[in-house]
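Listed here are the chains, written in short residue letters.
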Amino acid sequence: MKFLIINGPNINMRGKCEPDIYGAKTYEDLVDFVKEACENEQVEAEFFQSNHEGAIVDRIQEAYGVFDGIVINPAAYTHTSIAILDALKAVALPAVEVHISNVKDREDFRRVSYAGMACVKTFMGLGFEGYAEAVRYLKWYINNVSSTH
Ligand code: DQA
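Counting restarts for each chain, with residues numbered from 1 along the sequence as it is written. This being a predicted model, a pLDDT of at least 70 is required before a residue's local features are given, and a value of 80 or more before pairs of side-chain atoms are given or counted; all residues contribute to the totals for chains, interfaces and linings. As a rule here, side-chain values come from all non-hydrogen atoms in the structure, and water together with hydrogens is ignored.

Participant: Sorry if this is basic, but what is going on with the site of the ligand here?
Facilitator: Whether a residue is near a molecule or strand is decided by its heavy atoms; if any one of them lies within 4 Å of it, the residue is near. Inspection of the region around the ligand gives Y22, N73, A75, A76, H79, H99, I100, S101, V103, R106 and R110 as its neighbouring residues. We define a polar contact as two N or O atoms separated by no more than 3.5 Å, with the added condition that, inside protein, one atom must be a possible hydrogen donor and the other a possible acceptor, whereas residues neighbouring each other in sequence contribute only through side-chain atom pairs. A76 has a polar backbone atom sitting 3.2 Å from an oxygen atom of the ligand. Separating an oxygen atom of the ligand from a backbone N or O atom of I100 is a distance of 2.7 Å. Notes on the ligand: free accessible area 320 Å², of which the protein chains cover 96%. For the area figures, the Shrake-Rupley method with a 1.4 Å probe applies, and any residue is considered shielded solely by the protein chains shown.

Structure below.
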């Protein structure tokens with residue numbers, strides 16, 4: 001089983017700014033952490049981070065026929081991007097949404113998630129652990145839900 005792990009804008013700045021919201025660990029720490037979570041689940045993983053909406057759309061499109069599922073933290077594009085929502089719908093791969101912080105407890109504009117509308121589950125407010133939960137859930141979902149449809 002092969003997952004694409006997508007992180008959106010400013011996730012590459014983790015550990016360098018807003019540690020009160022996102023913690024002190026870096027994007028490199030995040031990749032190491034998620035790699036280990038994937039290894040524990042015998043899942044192959046590829047990582048992609050971009051600050052550009054179109055690049056994220058391109059990467060989602062390229063995932064079609066290559067990956068079994070997507071774990072995505074679209075970051076600020078969560079709340080604005082119909083293009084990312086449409087790309088997820090277009091490839092129709094099972095996807096799980098992750099947010100490091102609890103977006104529901106923050107500004108009102110973070111309450112809408114367009115990408116989340118194309119995801120089978122969302123984990124938020126769990127820090128990096130949310131990505132590990134997402135990997136485990138996605139594996140379970142592919143084995144138990146999407147395979148029976
Ligand atoms: C985020 C939450 C978003 O609202 C914010 O724009 C981010 C990070 C999170 O992981 O908590 O950049 O997706």
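Here the narrative resumes.
Participant: Before we go on, may I ask you to explain the pairing of strand β1 (residues 2-7) in this structure?
Facilitator: Consecutive side chains along a regular strand alternate between the two faces of the sheet. The element β1 is extensively covered by neighbouring structure, given that five of its six residues are classed as buried. DSSP-based pairing: two strands are paired if at least 2 bridges between them are found. Working definition: helices are DSSP H or I runs of at least four residues, strands are E runs of at least two. Numbering for both runs from the N terminus. Of the strand pairs in this sheet, β1 and strand β2 (residues 44-49) are connected by six bridges, and their pairing is parallel. Residue L4 lies in a different strand from β2, and its bridge partner there is E46. Pairing geometry for β1 and strand β3 (residues 69-73), over five bridges, is parallel. Note on β3: the bridge partner recorded for L4 is I70. Note on classification: 1.4 Å probe, protein chains only; a residue is buried when its accessible area is under 20% of the maximum for its type, exposed when over 50%, partly exposed between these limits.

Participant: Sorry if this is basic, but what is going on with a negative patch on the surface here?
Facilitator: On the surface, E28, D29, D32, E36 and E39 cluster together into a negatively charged patch. Topologically, D32 is positioned in helix α2 (residues 27-40). Patch membership requires more than 30% relative accessible area and the absence of a salt bridge. Residues of like charge join within 9 Å; the nonpolar side chains Val, Leu, Ile, Met, Phe, Trp and Tyr join within 5 Å. Whenever a carboxyl oxygen of Asp or Glu lies within 4 Å of a side-chain nitrogen of Lys or Arg, that contact is scored as a salt bridge. Lys and Arg are tallied as positive, Asp and Glu as negative. Neither His nor the chain termini are counted. Charge positions are represented by NZ for Lys, CZ for Arg, CG for Asp and CD for Glu.

Participant: When you look at the environment of F3 in this model, what are you seeing that I'm missing?
Facilitator: Structurally, F3 is set in strand β1. Judged by relative accessible area, which is 0%, F3 ranks as buried. Between the C-alpha atoms of F3 and V66, which are 63 residues apart in sequence, the distance is 9.1 Å. If near-sequence neighbours (up to four positions away) are discounted, F3 is found in contact with V43, E44, A45, E46, F67, G69, V135, L138, K139 and I142. Residue contacts are defined here by distance: any two heavy atoms, one from each residue, within 4.5 Å place the two residues in contact.

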